[in-house]
Amino acid sequence: MTKVYDVVVVGSANADLVVGVERRPAAGETVLGSNLATHAGGKGANQAIAAARLGAGVALVSRVGDDSHGRFLLDTQKAAGVDTDAVRVGGAPTGVALIMVGPQGDNSIVVSPGANALLSPADVRASQDLLYTARVVSLQLEIPLDTVAEAVAAVGPRTRVVLNPSPPAALPAQILAACDPLVLNEHEATAMLGESAKGSTAEDWCTALLRLGPQSVVVTLGADGAVAADASGPVRVPGMPVAAVDTTGAGDAFTGALAWRLAKGDTLTQALEFAVRVGAAAVTRAGAQDSFPTLEQLTSAVAPTGREH
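A brief structural summary. Just so it is clear, the structure is predicted and the values come from calculations on it, not from any experiment.

1. Description of empty space enclosed by the protein
Under the defined criterion, the tally for this structure stands at one cavity of 30 Å³ or more. In this model, the largest cavity occupies a volume close to 40 Å³. Per-element tally for the lining of the largest cavity: the top contributor is helix H2 (residues 68-79), with three residues. A class-by-class count of the residues in the lining of the largest cavity yields seven nonpolar, two polar and no charged.

Here you go:
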């Protein structure tokens, strides 16, 4: 029998090549940065690690190259307890993210998809039993959209779909209808809503996004926390006061935590409160996956937050 996982992540795996800069270069300009650091990353792999570190049973459906970066990413996933049997190897070099981190911990990222672009609907069908029995399937858009659609079609009747539309793209109605929730940051929300987002609050964004078809919506607001909404209306959870070192991967830590708590049966509001704490803890350390807390680390680092209605 297929093992039932709390979270099955279908998504990207990248090697993050990170350099710190005092400021981002303008067009045609060269600036000096810190020594180059290589971290395990990719939105799919990040979310898998984030959930696994917190105690979730996690499997990853992804693709990496037959190269040193690919072996590094597989080893990192296995060390965190993620099932990597559904990670395909070969076809193209491992995906790479080029990341500049500024002095306030903010970042700019360019992604070379590599093997992620070859993760196919056939790869998803080969792992259909995993998706059908999972409590939550977590998706992003660093893999082909037809692969995302295949994953949505493969989930079981009791499986909840969490989707982060990053990078932003137009989503077919059948994908939107499966999202419970659709998880976006401010940039992604405004990209989906266009002109209608101007001058609106995050609560307004959630209401407008719900009209597009998802069952629920979460908009993350960085240091200001997050807002969620479903048919019962919006709820806001304030951010946590922490000293930001590096925001790389914080959104993935949030989404992985949210997916796990939904898999455990939390309400959307309860899961949101927990995920805000995890996202806050993740910005206090450098790197993406290296910064993701365990439950024990979370308890000691960030106190529980409250919500606003």
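2. Some points on the layout of surface pockets
Counted as a void, the largest pocket has a volume near 1200 Å³. Taken together, 49 residues line the largest pocket, and the ones lying closest to its centre are Asn-185, Thr-247, Gly-249, Ala-250 and Gly-251. Secondary-structure elements contributing two or more residues to the lining of the largest pocket are strand E2 (14-20), helix H1 (43-54), strand E6 (95-101), strand E7 (107-112), strand E10 (179-185), helix H7 (186-193), helix H9 (250-263) and helix H10 (268-282). Sort the elements by how many residues they give to the lining of the largest pocket and H9 lands first, with five residues. Considering only residue class, the lining of the largest pocket consists of 23 nonpolar, 19 polar and seven charged.

Reading the values: the criteria
- Residues numbered from 1 in each chain as written.
- Predicted model: local features only at pLDDT ≥ 70, side-chain atom pairs only at ≥ 80, totals over all residues.
- Heavy atoms only, no water.
- 1 Å grid on protein atoms, 1.4 Å probe; cavity = no way out; pocket = protein on both sides within 12 Å on 5 of 7 lines; lining within 4 Å.
- Points joined across faces, edges and corners; volume = space filled by probe spheres on them.
- Helix = DSSP H or I, 4+ residues; strand = E, 2+ residues; numbered from the N terminus.
- Nonpolar A, V, L, I, M, F, W, Y, C, P; charged D, E, K, R; others polar.

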